[in-house]
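Residues per chain, in single letters:
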Amino acid sequence: MADMAGTEAEALAAPPGGASAEPAGPSPFELKAPYYAKRIELFEQYFAREGGKMDAAAASPEPIQVVMPDGAIKDGVKNVTTPWDVAMGIHKKLAQASLLAHVDGADWDMRRPLEGNCALKLFSFDDPEGKALYWHSSAHVLGEALELEYGADLTIGPSIEEGFYYDCYLGERTLSDYERAGILKRCEAIIKDKQPFQRVEVSRAEALEMFAENKFKVELITNLPDGVSISCYRCGPMVDLCRGPHLPDTAWIKAVTINQCSRAHWRADVTKDPLVRVYAVTFPSDKLMKEYKTRIEEAKKRDHRVIGMNQELFFFHNLSPGSCFFLPDGAKVYNNLMGFIREKYWEYEYDEVITPNIFNFDLWKTSGHAAHYKENMFSFHVEKEEFGLKPMNCPGHCVMFGNRKRSHRELPMRLADFGVLHRNEFSGALHGLTRVRRFQQDDAHIFCRPDQMEFELVNFLKLMDEVYSVFGLTYEMKLSTRPEGYLGEIEIWDQAEAALTKALNLTGKEWKLNPGDGAFYGPKIDITVFDALKRRFQCATVQLDFQLPIRFNLSYVTENNEPARPIIIHRAILGSVERMFAILTEHYAGKWPYWLSPRQVMIVPISEASKDYAGEVRRMLHHAGHHVKVDNSDRKMQKKVREAQLEQWNYILVVGEGERTNGTVNVRTRDNVVHGEHKLDALLEVLSQEREVKSLTCMFGMEKSAAAAAVKEAAEAEAAAAKAAANADQAMAA
């Protein structure tokens, strides 16, 4: 830990000219010190109250039974025995690895006494639940550091996918990256101090008294219902509102780094108080921290914004924030992505439609977006009526379905739409192609009968798997089922969840259950994609919807000549085309597979005399639909080849007098693999095949590789046969 700290401190260099001098007078922390002291005084009163309960329970022990996941039953004492005690009773290593307990499914501190008979499950850092707890506890350490260093008013400090952040109010002050070193030193001192996390439960009035001087905490407490019991946690001099649970103490944190200081706003509202957001990450070992930093460095190299600029794929301009300008090469990739999905739509019998971009707000009132989504929409008035740019396609597709009377024979209707969508994202939330205001989706809505749900879901998951396999992406699936506040008939929900379950089982892949996390209008499958760096992205979705057909009064005529409601399946695979563009850019690190590549073939003439032949080869490849260019510069051949490789041209074709005479080209790849001389028709055949099958790898030399593998396999078989014969001879001789 100490060694890591020194290295980190050196990395976070001081600003040019040295640190600015502190203003005269008390520091911000000194000004807040009386408030912090009062907070601790109150906490200690409430903690003593909790301790009294435990003492009383120990004095009159009441036995309880704890059921483990394997069915084993462990004995304990009510309000005395903790999950830590149970784990230690099984094995010391189990206790040392366990960060979090679930008691009858509820999150529970490892050192918090059990309150009765229960089922107990333990989680380590290897589990998502364990990571979330570890980083949430670390956020409290960061919060303490911000209070000690700057006298900050803390707001919220959640764990995120990898790490955590804390938002704090510093008045007009901001923090730069130069100040990360000071925050880091504070965190390391807190960790070294082995401060225990202590929990108390307080009333609303007690919480308001404890946090009286922090207006943000007061707002959070005030919004809680009357009579609710509120939990607070302390580590060192810092006390925070928190549901918990937490680590036993700060020494469980073994490696820490401060990643970034940025700006935010209270409640994510630019009209509210400006906040400072500090991002950090921690790990239970230096090895994991080292692996993390290696991943981050690799991610920086793969940043789609950097690659997009270097390869001249796209750019953004402040004249249209959050709306991308796709340059010719970027448009090639974008159109290839949509073209691929269109191919799959034809195969799976979707019908592509085109719908308006602008709708009267009466549509959004019907769909519910006017009431619940308006702040995310661009709206304006035309002839005294309010209109809005569409943020999604489903309401327009409902209008299309309801345009005339529908028969059961027309179902399923699979309507696909690449229409332009706009969402009014906060400027501070915009981030390259992953968070934009203008985008397109491979959006489709399937209107079907209840008896058709299962078939449509199975087909969608098959389609999705085929697309992701072509991209070389892996994914995981979770079934999110009926929430407490669901709308609709329970029978339809049961039927829909059964159809989703069967569809998932038929994929032959593992999936997880996420009970109670479905939308109020229907269950769904959440699909998470993993890229080459094992980062997680939400792209594809499949969502059943029972409510939108009711809102739009949609119906079809059954075979019994009676009206019935269709079910809508919302589904997408790429999600936002822009977002998938960014993910694939980073997944491939800018080395596009041939079928997606905007830079497929660069032709390098050896001399002036070879330029005419290079032009002939270019015309032939261009006519066959390949992206091809000739480097007619006066640079040396070796320099041209190297530049083409750095620019990520998939193939570099070198041509000279010998190639012109033979009607050939000399083929090499961007990875400097030389495939030698090939006839033009053979070249075109391989390139066209690589494009058509959407291969992720070079297809030149595959025949030689296959032949070599066959020869090797035959030789191994011959050797095995000879060995078997020799063994048989020895056996006979014996």
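Heads up: the structure comes first, above all this text.
Residues numbered from 1 in each chain as written. Predicted model: local features only at pLDDT ≥ 70, side-chain atom pairs only at ≥ 80, totals over all residues. Heavy atoms only, no water.

**Student:** Please set out the overall build of the protein residue by residue, giving values where relevant.
**Tutor:** Regarding its fold elements, the protein presents 23 helices and 35 strands. Along the longest, intermediate and shortest principal axes, the C-alpha atoms of the protein span 95 × 85 × 75 Å. Taken over 734 residues, the protein has a buried fraction of 48%. Considering only contacts in the protein between residues 6 or more positions apart, those separated by 24 or more positions represent 68%. Put simply, the protein has 89 plus and 104 minus side-chain charges, and the middle of one group is 3 Å from the middle of the other. (Helix = DSSP H or I, 4+ residues; strand = E, 2+ residues; numbered from the N terminus. Buried < 20%, exposed > 50% of the residue type's maximum accessible area, 1.4 Å probe, protein only. Contact = heavy atoms within 4.5 Å. Lys, Arg positive; Asp, Glu negative; His and termini not counted. Charge placed at Lys NZ, Arg CZ, Asp CG, Glu CD.)

**Student:** I'd like a description of the sheet that holds strand S11 (residues 238–241), backed by residues and values.
**Tutor:** The strands making up a sheet are joined through hydrogen bonds of the backbone, oriented either antiparallel or parallel. A sheet is described by the order of its strands in space; here three strands give the open sequence S9-S10-S11, paired in antiparallel fashion. Taken across any chain shown, the strands that pair with only one partner, and hence form the sheet edges, are strand S9 (198–202) and S11. Averaged over all neighbouring strand pairs, the angle between strand axes comes to 25 degrees, with direction disregarded. As judged from the four bridges shared by strand S10 (residues 230–235) and S11, these two strands associate in the antiparallel manner. Among the inter-strand pairings, cysteine 235 is bridged to a residue of S11, identified as methionine 238. Against the sheet, helix H2 (residues 28–59) contacts S9, S10 and S11, and its axis sits at roughly 85 degrees relative to S9. (Pairing = 2+ DSSP bridges. Axes fitted to C-alpha atoms, helices over the stretch in contact; angles between N-to-C directions.)

**Student:** Explain the environment of proline 28 to me, using residue names and the numbers behind them.
**Tutor:** Inspection of the secondary structure assignment puts proline 28 in helix H2. Judged by its relative accessible area of 37%, proline 28 falls in the partly exposed class. Sequence separation of proline 28 and aspartate 612 is 584 residues, and the distance between their C-alpha atoms is 74 Å. With residues near it in sequence (within four places) discarded, proline 28 still touches Tyr150 and Gly151.

**Student:** Could you give me a rundown of the sheet that holds strand S25 (residues 511–514), with the residues and numbers involved?
**Tutor:** Strand order in this open sheet of eight strands is S16-S20-S23-S30-S27-S26-S24-S25, and the pairing throughout is mixed. Since the sheet does not close on itself, it has two edges, and those belong to strand S16 (351–352) and S25, each with one partner. Looking at chain direction, strand S27 (residues 536–545) and strand S30 (residues 567–572) are connected through five bridges and run antiparallel. From the neighbouring strand, threonine 541 faces S30, where its bridge partner is alanine 572. Relative to strand S23 (residues 443–448), helix H14 (residues 394–401) is tilted by about 40 degrees, and along the sheet it contacts strand S20 (413–417), S23 and S30.

**Student:** So, the pattern of salt bridges: which residues are in play, and what are the values?
**Tutor:** The tally for this structure, following the rule as stated, stands at 51 salt bridges. Between lysine 217 and aspartate 240 there is a salt bridge, with the nearest N and O atoms lying 2.6 Å from each other. Placement of lysine 217 in helix H8 (residues 215–222) and of aspartate 240 in strand S11 is noted, with a sequence separation of 23 residues between them. Residue lysine 217 shares its accessibility class with aspartate 240, and that shared class is buried. For the salt bridge of arginine 571 with aspartate 442, the shortest nitrogen-to-oxygen distance reads 4.0 Å. Note that arginine 571 is positioned in strand S30 and aspartate 442 in the loop between strand S22 (438–440) and S23, a separation of 129 residues in sequence. Taken individually, arginine 571 and aspartate 442 each receive the classification buried, so the pair is uniform in this respect. (Salt bridge = Lys/Arg side-chain N within 4 Å of Asp/Glu carboxyl O.)

**Student:** Describe in detail the layout of surface pockets, supporting the description with residues and values.
**Tutor:** Put simply, the second largest pocket is a space of about 1,200 Å³. Of all the secondary structure elements, the ones that give two or more residues to the lining of the second largest pocket are helix H13 (369–372), S23, strand S26 (524–530), S27, helix H17 (548–551) and S30. Sort the elements by how many residues they give to the lining of the second largest pocket and S27 lands first, with six residues. By residue class, the composition of the lining of the second largest pocket is 14 nonpolar, 15 polar and ten charged. (1 Å grid on protein atoms, 1.4 Å probe; cavity = no way out; pocket = protein on both sides within 12 Å on 5 of 7 lines; lining within 4 Å. Points joined across faces, edges and corners; volume = space filled by probe spheres on them. Nonpolar A, V, L, I, M, F, W, Y, C, P; charged D, E, K, R; others polar.)

**Student:** Explain the packing of aromatic side chains to me, and be specific about the residues and the numbers.
**Tutor:** Following the criterion strictly, the structure yields 33 aromatic pairs and no others. With 6.2 Å between their ring centres and 70 degrees between their planes, phenylalanine 125 and phenylalanine 283 make a pair best called edge-to-face. Of this pair, phenylalanine 125 sits in the loop between strand S5 (118–123) and helix H5 (128–150) while phenylalanine 283 sits in strand S13 (residues 274–283), placing them 158 residues apart in sequence. Summarising the burial analysis for this pair, phenylalanine 125 and phenylalanine 283 share the class buried. Between the aromatic rings of phenylalanine 471 and tryptophan 595, the centroid separation amounts to 6.1 Å while the plane-to-plane angle is 15 degrees, which identifies the pairing as stacked. Of this pair, phenylalanine 471 sits in helix H15 (residues 453–471) while tryptophan 595 is found in the loop between helix H18 (577–587) and strand S31 (601–605), placing the two residues 124 residues apart along the sequence. Residue classification places phenylalanine 471 among the buried residues on the basis of a relative accessible area of 0%. By way of ring pairs, the aromatic residues Phe314, Phe316, Phe326, Tyr334, Phe581, Tyr588 and Trp592 are connected into one cluster. Lying over the aromatic face of phenylalanine 361, lysine 374 brings its terminal NZ or CZ to 5.1 Å of the ring centre. Across the ring face of tryptophan 595, the terminal group of lysine 694 is positioned such that the distance to the ring centre comes to 5.4 Å. (Phe/Tyr/Trp six-rings, centres within 6.5 Å; stacked < 30°, edge-to-face > 60°. Lys NZ or Arg CZ within 6 Å of the ring centre and 35° of its normal.)

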